[in-house]
Amino acid sequence: MPPLTDTPPVPAEPLVAPEAGWRRARTGPSLSEVYASIKVPAQNASFWRKLLAFWGPGLMVAVGYMDPGNWATDIAGGAQFGYTLLSVILISNLFAMLLQHLAAKLGIVTGRDLAQACRDHYSKPVGMVLWFLCEIAIAACDLAEVIGSAIALNLLFGLPLAWGVVLTILDVLVVLLFQSRGFRVLESIVAGLIVVIFGCFLYEIIVSKPDWFGILGGLVPQPQVVTNPKMLYIAIGILGATVMPHNLYLHSSIVQTRAIEQTEGGKRMAIKFATIDSTVALFMAFFVNAAILITAAAAFHRNGHYNVADISDAHKLLAPVLGAGAASAVFAVALLASGQNSTLTGTLAGQIVMEGFLNIKLKPWLRRLITRSIAVIPALIVTLLYGEKGTGELLVLSQVILSFQLSFAVVPLVLFTGSKDKMGVFVNRPLIQAVAWLVSGIIIVLNIYLLYETFFG
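Residues numbered from 1 in each chain as written. Predicted model: local features only at pLDDT ≥ 70, side-chain atom pairs only at ≥ 80, totals over all residues. Heavy atoms only, no water.

S.K.: A description of the pattern of salt bridges should follow, citing residues and the corresponding values.
M.R.: Across all of its chains, the model carries five salt bridges by this definition. Among the ionic pairs, Arg112 bridges to Asp120, the shortest N-O distance being 2.7 Å. Assessed through its relative accessible area of 2%, Asp120 is described here as buried. With its nearest N and O atoms 3.3 Å apart, the salt bridge here joins Arg119 to Asp120. Where salt bridges share partners, they join Arg112, Arg119 and Asp120 into one cluster. (Salt bridge = Lys/Arg side-chain N within 4 Å of Asp/Glu carboxyl O. Buried < 20%, exposed > 50% of the residue type's maximum accessible area, 1.4 Å probe, protein only.)

Given below as structure tokens:
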């Protein structure tokens with residue numbers, strides 16, 4: 001028998017003094033397998049070389065703003081109210097641009113993603129509650145991807161919805177294949193799928209022949225958006241489906257894949273180009289969301305089909321209403337690309353959240369299988385029991401769950417980036433902080449209203 005010793009057990013966390021402003025010391029980088037794996041040019045390099053080096057994370061974030069969960073609200077808004085709610089999509093995207101800028105800044109300056117920052121700032125019980133709520137949100141997002149992909153497979157190939165749901169489990173293998181080949185490969189795949197979605201809706205807009213003056217008028221906010229209860233409900237749904245909580249965790253992590261100089265100048269350069277990257281990418285997401293609503297307005301609202309709120313109904317009506325045989329097929333291709341793209345980024349978000357809040361690491365295939373199973377099981381049960389109608393309602397429910405969790409991600413983000421102790425010279429300026437709190441307040445109030453109307457209205 002080996003001799004007994006008084007050697008104390010190895011602590012779970014390193015005995016390092018926490019930095020100023022933090023309850024706990026930083027334990028390690030976010031997504032350690034790809035952390036600082038992409039080289040960036042020196043600060044005196046050309047603008048375009050630096051932009052090319054930092055280009056990519058914004059596209060991965062933009063995916064969440066055009067996932068299948070957005071489609072139902074955009075279709076309903078266009079079919080019922082024409083172009084009026086375009087202003088809501090625009091305002092939602094402006095909110096998103098500000099919040100993603102703050103998320104990128106948090107990751108670059110502190111070296112923590114939002115999940116790690118919550119863990120290092122809050123007490124363990126609070127951190128565990130935030131982690132649990134975030135996992136529910138990611139499962140809800142995964143649910144939207146599963147249903148969206150299953151509907152797309154059904155529309156394209158006639159595959160029964162239940163089989164489509166089961167088939168989505170296989171994308172675990174696809175994600176692992178992409179991850180193993182480097183982060184730039186993953187970014188390139190995402191960019192390629194965004195181009196497919198972009199091209200599909202460019203075609204849809206051309207063949208639907210929308211009223212261009214109506215589109216310009218729709219970009220201007222109208223009082224009736226607030227005074228009309230039905231319009232307000234859909235408007236809040238659009239906001240809830242547009243600003244995604246898991247994207248804030250994702251963005252604060254993947255900006256750290258760039259090997260920047262850990263100096264004030266290096267961080268300023270990184271923040272500048274990360275913000276340009278995400279802002280341009282979110283303009284692309286705005287185009288896609290606006291294109292869905294414009295197509296619905298031109299194809300359905302103009303022709304008296306005001307009650308189209310379901311993705312499958314929209315697909316069936318597109319070809320006969322527009323008189324373009326390819327319109328329905330192109331619509332379904334875009335939906336499939338949207339679902340698969342969201343799967344890639346959802347995988348990373350799940351890994352970031354679990355590692356960041358709990359400081360534990362699971363093998364990627366196991367982490368993905370767990371979250372995908374959580375999404376697949378309810379989707380499969382509802383599909384078998386209620387068919388298309390049930391999956392449509394489940395899609396809406398997933399967006400309501402995301403809306404509920406959004407406040408629990410936005411408030412810590414604004415709090416942390418407004419803290420001088422945590423951010424130093426990079427702390428939010430007073431005007432930015434005031435606008436950020438205003439946006440947070442609007443999101444919280446509107447999402448409370450959405451929850452109330454959904455369950456009690």
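S.K.: An account of the nonpolar core is requested, with residue identities and associated values reported.
M.R.: Among the nonpolar cores identified, the biggest contains 132 residues, and Leu85, Leu114, Phe201 and Phe357 are the most heavily contacted of them. Among the elements that make up this core, the one with the highest residue count is helix α14 (residues 264-301) (20 residues). Formed by five residues, the second largest nonpolar core is a distinct cluster that contains Ala137, Ala140, Cys141 and Met244. (Core = buried A, V, L, I, M, F, W, Y, C linked by side-chain atoms within 4.5 Å. Helix = DSSP H or I, 4+ residues; strand = E, 2+ residues; numbered from the N terminus.)

S.K.: Residues and numbers for the packing of aromatic side chains, please.
M.R.: Under the counting rule described, the total for this entry stands at seven aromatic pairs. Ring-pair connections join several aromatic residues into one group, and the members of that group are Phe47, Trp48, Phe54 and Phe273. For the cation-ring pair, Arg112 lies above Trp22, with the distance from its terminal atom to the ring centre recorded as 4.1 Å. Directly above the ring of Trp22 sits Lys422, whose terminal nitrogen or CZ lies 4.8 Å from the centroid. (Phe/Tyr/Trp six-rings, centres within 6.5 Å; stacked < 30°, edge-to-face > 60°. Lys NZ or Arg CZ within 6 Å of the ring centre and 35° of its normal.)

S.K.: Give a detailed account of the environment of Val243, specifying residues and quantitative values.
M.R.: Looking at the element boundaries, Val243 is found in the loop between α12 (229-242) and α13 (245-254). As a C-alpha pair, Val243 and Ile443 span 200 residues in sequence and 9.1 Å in three-dimensional space. In contact with Val243, not counting residues within four places along its chain, are Tyr65, Ser92, Phe95, Ala96, Leu99 and Leu406. (Contact = heavy atoms within 4.5 Å.)

S.K.: Now, about the side chain of Arg112: what can you tell me, with residues and values included?
M.R.: With respect to the secondary-structure elements, Arg112 resides in the loop between α4 (86-110) and α5 (114-121). Here the side chain of Arg112 touches Arg24 through a polar contact of 3.4 Å, landing on its backbone oxygen. Beyond its immediate stretch of four places on either side in the chain, Arg112 contacts Glu19, Trp22, Arg24, Ala25, Arg26, Leu106, Gly107, Ala117, Asp120, Ser252 and Gln256. (Polar contact = N/O pair within 3.5 Å; in protein donor to acceptor, adjacent residues only side chain to side chain.)

S.K.: Just give me the short version of unusual backbone geometry, but keep the residues and values in it.
M.R.: Unusually for a residue other than glycine, Ala36 sits at a positive phi of about 50°. With respect to the helices and strands, Ala36 occurs in the segment before β1 (38-39). Overall, Ala36 belongs to the partly exposed group, its relative accessible area being 32%. Of note, the phi angle at Lys209 is positive, near 50°, even though the residue is not glycine. Mapped onto the elements, Lys209 comes out in the loop between α9 (183-208) and α10 (212-218).

S.K.: Give a detailed account of the packing of α13 against helix α16 (residues 326-358), specifying residues and quantitative values.
M.R.: Running from amino to carboxyl end, α13 crosses α16 at an angle of 80°, the nearest separation of the two axes being 9 Å. By the angle between their directions, the pair α13 and α16 is classed as roughly perpendicular. For the pair formed by α13 and α16, the contact residues are His246, Tyr249, Leu250, Ser253 and Ile254 on the first element and Thr345, Leu348, Ala349, Ile352, Val353 and Phe357 on the second. Looking at side-chain class alone, the contact of α13 with α16 contains eight nonpolar, three polar and no charged residues. (Axes fitted to C-alpha atoms, helices over the stretch in contact; angles between N-to-C directions. Parallel < 35°, antiparallel > 145°, perpendicular 65-115°, else oblique. Nonpolar A, V, L, I, M, F, W, Y, C, P; charged D, E, K, R; others polar.)

S.K.: Run through the environment of Ala290, naming residues and quoting values.
M.R.: Position of Ala290 among the secondary structure elements: in helix α14. Exposure remark for Ala290: the relative accessible area of 7% places this residue in the buried category. Setting aside chain neighbours within four positions, we find Ala290 in contact with Leu86 and Ile89.

S.K.: Tell me about a nonpolar patch on the surface, and name the residues and values.
M.R.: On the surface, a cluster of nonpolar side chains totalling about 350 Å² of accessible area is made up of Trp163, Val166, Ile169 and Leu369. Take Trp163: it is sitting in helix α7 (residues 161-167). (Patch = residues over 30% accessible without salt bridge, like charges linked within 9 Å, V, L, I, M, F, W, Y side chains within 5 Å. Areas by Shrake-Rupley, 256 points an atom, 1.4 Å probe, with all protein chains shown as cover.)

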